[in-house]
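Structural features, examined
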Amino acid sequence: MKNVKVILWGLGAMGGGIGRMLSKKQGVDIVGAIDIGDKLGKSLYDVVPGIERGDREDVIVKTAEETIVPGAADIVVVCTDSFTAKVYDKLVFVMERGMNVITSAEEMAYPQAQEPELAKKLDEVAKKNGVTVLGTGINPGLIMDLLVILWTGACESVDHIVSKRQNSLSPFGPAVMEEQGIGISVEEFEKRKADGTMAGHVGFAESTMMMCDALGWKIDKFWQDMEPIVTDVDRKSPYGFAAKGSVAGVAMKGWVNVDGETKIEMDHPQQIEPEQVGIVTGDYVTIEGVPPVNMLNTPEIEGGIGTMAMIMNTIPHVINAKPGLKTMIDIPVPHAIMGDFRDFIDEDAKLVK
């Protein structure tokens, strides 16, 4: 069996990091790279610092039209946007050319939650072209949803769930810094919140619907709120800066009512450089049920590495899956791949020649 062939679409913090991870693995080749601007025409190995070329053939960064052609790869990794509506055309473009696709777009972790019509269309396009599409990452995709669902596997009954993640935004790129309002004033934060342009964490709707669908709960009501995390010292991360008195992050909360009762609570304060002000990060799951569950992991599972690894480690699952739109509750449990990628590909999976 030939190596698994991967194309990277988007070479920022996440896409580039996935490239570095894949370059260290056996049985997988990066055969294409897509980006815009001054990256075009350059070698992938020059554009992404630290990626190991070894004896591999060079990969030149090109446009999507030049790169996404039938038979070019087994799967495309798209790390360009957070929202289903924004990444939709890219996903369709890939699938119509006969390739599987994974995206880091947060809403794509469960697009049925906020974009049911687009989710239906994505499923139809995938099935028509015999390929699979999946959205995943550290959160949504694992920590505040799939991990919770996993813990309920030990429960006879579940009455109430609290999912909390206190994490650092520092590993993430410019797009996330913009979404979280890093460096803006409190006044600007409140203005954006009021007019609906302050994104904050993207994923509560997706995570909660994933949990409810897995458990068989019918959602009566979902709502969320956010408050600025204001720093009292200057903070600088690789892709963001918050001066004293400005916004260094967002404290998000969300709730779900089922049968007239609040069944799920989401609590997610995230900011750049939390350690600088004595904040201890962590992941927490509390389930009131039979039996009760209390999980504490501290410090947090690092978000940047976690997102990259989740995407990388689900590549075989997506290739092996039946055609269609999939979510993390549709595919096997993700796990680290320490051996040859080819050993995790089903014999009847269709790989490019």
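A brief look at the structure comes next.

What counts and how
- Residues numbered from 1 in each chain as written.
- Predicted model: local features only at pLDDT ≥ 70, side-chain atom pairs only at ≥ 80, totals over all residues.
- Heavy atoms only, no water.
- Helix = DSSP H or I, 4+ residues; strand = E, 2+ residues; numbered from the N terminus.
- Rg over C-alpha atoms; globule rule 2.2 N^0.38 Å.
- Buried < 20%, exposed > 50% of the residue type's maximum accessible area, 1.4 Å probe, protein only.
- Contact = heavy atoms within 4.5 Å.
- Areas by Shrake-Rupley, 256 points an atom, 1.4 Å probe, with all protein chains shown as cover.
- Lys, Arg positive; Asp, Glu negative; His and termini not counted.
- Charge placed at Lys NZ, Arg CZ, Asp CG, Glu CD.
- Phe/Tyr/Trp six-rings, centres within 6.5 Å; stacked < 30°, edge-to-face > 60°.
- Pairing = 2+ DSSP bridges.
- Axes fitted to C-alpha atoms, helices over the stretch in contact; angles between N-to-C directions.
- Core = buried A, V, L, I, M, F, W, Y, C linked by side-chain atoms within 4.5 Å.
- Salt bridge = Lys/Arg side-chain N within 4 Å of Asp/Glu carboxyl O.

Our focus in this paragraph is the overall build of the protein. Broken down by element type, the protein carries eleven helices and 15 strands. Since a compact globule built from 353 residues should have a radius of gyration of about 20 Å, the 20 Å found for the protein is in line with a globular shape. If you line up the protein on its principal axes, its C-alpha atoms span 55 × 50 × 35 Å. Put simply, the protein has 353 residues, and 54% of those count as buried. Of the contacts formed within the protein by residues at least 6 apart in sequence, a portion of 73% connects residues at least 24 apart. Summed over its atoms, the accessible surface of the protein is roughly 15400 Å², and 51% of this surface lies on carbon and sulfur atoms. On the protein, the mean spot of the 34 positive side-chain charges and the mean spot of the 52 negative ones are 5 Å from each other.

Before going further, it helps to examine the packing of aromatic side chains. Applying the stated criterion across every chain yields a total of two aromatic pairs. Ring geometry for Trp 223 and Trp 255: centres 5.6 Å apart, planes at 25 degrees, overall stacked. With Trp 223 in strand β8 (residues 221-230) and Trp 255 in strand β11 (residues 247-258), this residue pair connects regions lying 32 residues apart in the sequence. On the basis of relative accessible area, Trp 223 is assigned to the partly exposed category, the value being 29%.

Time to look at the sheet that holds strand β2 (residues 28-34). Reading across the sheet, the seven strands line up as β3-β2-β1-β4-β5-β6-β15 and stay open at both edges, with parallel pairing between neighbours. Each edge of the open sheet is held by one strand with a lone partner, namely β3 (61-62) and β15 (324-326). Bridge analysis of strand β5 (residues 100-103) against strand β6 (residues 132-135) gives three bridges, and the strand direction is parallel. In the strand pairing of β6, Ile 102 is matched with Leu 134. On top of the sheet, helix α1 (residues 13-22) reaches β1 (4-9), β2 and β4 (75-78); it is set at about 160 degrees to β1, its chief contact.

Turning our eyes to something else, we now look at the nonpolar core. Within the largest apolar cluster, 78 residues are counted, with the highest numbers of intra-cluster contacts made by Val 6, Leu 22, Leu 44 and Ile 315. Per-element tally for this core: the top contributor is β11, with six residues. Among the nonpolar cores identified, the runner-up in size contains 27 residues, and Ile 34, Ile 68, Ala 73 and Tyr 88 belong to it.

The residue Ser 104 is located in the loop between β5 and α5 (116-129) in this model. Beyond its immediate stretch of four places on either side in the chain, Ser 104 contacts Val 78, Cys 79, Asp 81, Thr 136 and Ile 311.

The full count for this structure, using the stated rule, is twelve salt bridges. Taking the shortest distance from any N to any O, the salt bridge between Glu 227 and Lys 193 comes out at 3.3 Å. Here the residue Glu 227 occupies a position in strand β8, and Lys 193 occupies one in helix α8 (residues 186-195), the gap between them amounting to 34 residues. Residue classification places Glu 227 among the partly exposed positions, given a relative accessible area of 39%. The class of Lys 193 is partly exposed, set by a relative accessible area of 26%. The partner of Arg 342 in a salt bridge is Asp 340, with the nearest N and O atoms 2.7 Å apart. Since its relative accessible area comes to 14%, Asp 340 is described here as buried. Among the ionic contacts, a cluster of salt bridges with common partners joins Arg 165, Asp 283 and Glu 300.

The residue Ala 109 is located in the loop between β5 and α5 in this model. Taking the C-alpha atoms as reference, Ala 109 lies 22 Å from Gly 282; in sequence the two are 173 residues apart. In this structure Ala 109 touches Gly 135, Pro 140, Gly 141, Met 210 and Thr 327, once residues within four positions along its chain are discounted.

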